[in-house]
Amino acid sequence: MISVVINTYNAQQHLTKVLESVKDFDEVVVCDMESTDDTVKIAEGYGCRVVTFPKNGHTCCEPARTFAIQAARNPWVLVVDADEIVTPELREALYQEIKREDAASGYYIPRQNMFMGMFVRDFHYDYQLRFLVRDGTEWPPTIHSLPKVSGRVEKMQAPKEARLLHLMDETMHEYVAKMNVYTDNETEKKQYGIAALFWRPLWRFFKSYVMDGSFRMGIRGLIRSGMHAMYQFILVAKIIEKRYRG
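Residues numbered from 1 in each chain as written. Predicted model: local features only at pLDDT ≥ 70, side-chain atom pairs only at ≥ 80, totals over all residues. Heavy atoms only, no water.

### Looking at the pattern of salt bridges
What counts here: Between Lys or Arg on one side and Asp or Glu on the other, a salt bridge is scored when a side-chain nitrogen of the former is within 4 Å of a carboxyl oxygen of the latter. Under the DSSP-based scheme used, a helix requires at least four consecutive residues in state H or I and a strand at least two consecutive residues in state E, with every element numbered from the N terminus. Under the scheme applied here, a residue whose accessible area is under 20% of the maximum for its type counts as buried, over 50% as exposed, and between as partly exposed, the area being computed with a 1.4 Å probe on protein chains only.
Inspection of every chain in the model, using the stated rule, returns 15 salt bridges. Across the pair Asp 81 and Arg 65 runs a salt bridge, and its minimum N-O distance is 3.0 Å. One end of the pair, Asp 81, is in strand E4 (residues 76–81); the other, Arg 65, is in helix H3 (residues 62–71), and 16 residues separate them in sequence. Each member of the pair Asp 81 and Arg 65 is classed as buried. Ionic contacts of the salt-bridge type, sharing partners, join the residues Arg 65, Asp 81, Glu 84, Arg 111, Asp 126 and Arg 130 into one network.

Below, the structure written as structure tokens:
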């Protein structure tokens, strides 16, 4: 038995498509952070169980993750964002996986992202730790944190079509604005020195452009890799600034 858990805040844009893709799971729990749009209305229209987590100024969903997971009624939980589609092949693969006697307690699932109007090609899946046993799982309340699972964690071996489709296709303006918010949050949990101003952006560009194959996307791949490098430069610069300012 599998529960799908979706954290939301003003998530009406893609929510109908997302809920349509998960309607055949045993349960869908929507954990809403006091949305002011039609998010809750859409979720209730699909028969989802809606629970509320107070927003209280939070700028990311991680503080509500553990609450949402523990609200599920089934032993297995698939955590889906409000802009992610679950393919039928992924759903089938998950139900097959939990039948195994030697099943792990957590699985990294492949996700295919969008960038500048196109899905990033399948040479660059982004693996997310999203399929978990409910009992014993905790999610740290900091941005970009990974859940702590009680037991063995594996990368899921599944057919190519078994994946999450990430519908978020941010403009450069949105990308940069979110980069500012995310790097602000990450300065609380990381420490780097001056050398990291050079090696972290260079490494991230090389990894994205060469190792992950973004060069195959043409100019969009070059821009995408450059944005990854820029994120690291801004993050390290903010950490150093914070240290200098005391």
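Text resumes after the structure shown.
### Brief notes about the packing of aromatic side chains
The following threshold applies: Stacked, edge-to-face and tilted are the three classes for Phe, Tyr and Trp ring pairs, Trp counted by its six-membered ring, which pair at centre distances within 6.5 Å; planes under 30 degrees apart are stacked, over 60 edge-to-face, the rest tilted. Ring-over charges, as used throughout, are those where CZ of Arg or NZ of Lys falls within 6 Å of the ring centre and within 35 degrees of the ring normal.
Taken as a whole and assessed by the stated rule, the structure comprises nine aromatic pairs. Both rings, one in Tyr 107 and one in Phe 131, keep their centres 6.2 Å apart while their planes meet at 35°; by these two values the pair is tilted. Here the residue Tyr 107 occupies a position in strand E6 (residues 106–112), and Phe 131 occupies one in strand E9 (residues 126–133), the gap between them amounting to 24 residues. Residue Phe 131 is classed as buried on the basis of its relative accessible area of 0%. A centroid spacing of 6.3 Å and a plane angle of 70° characterise the contact between Tyr 209 and Phe 215, whose relative ring orientation is edge-to-face. Under the relative-accessibility criterion, Phe 215 is labelled partly exposed at 42%. What links up through ring pairs into an aromatic cluster is the set Trp 76, Tyr 107 and Phe 131. Over the ring of Trp 139 we find Arg 65, and its NZ or CZ is 4.8 Å from the ring centre. Positioned above the aromatic ring of Phe 25, the side-chain terminus of Arg 91 is 5.6 Å from the ring centre.

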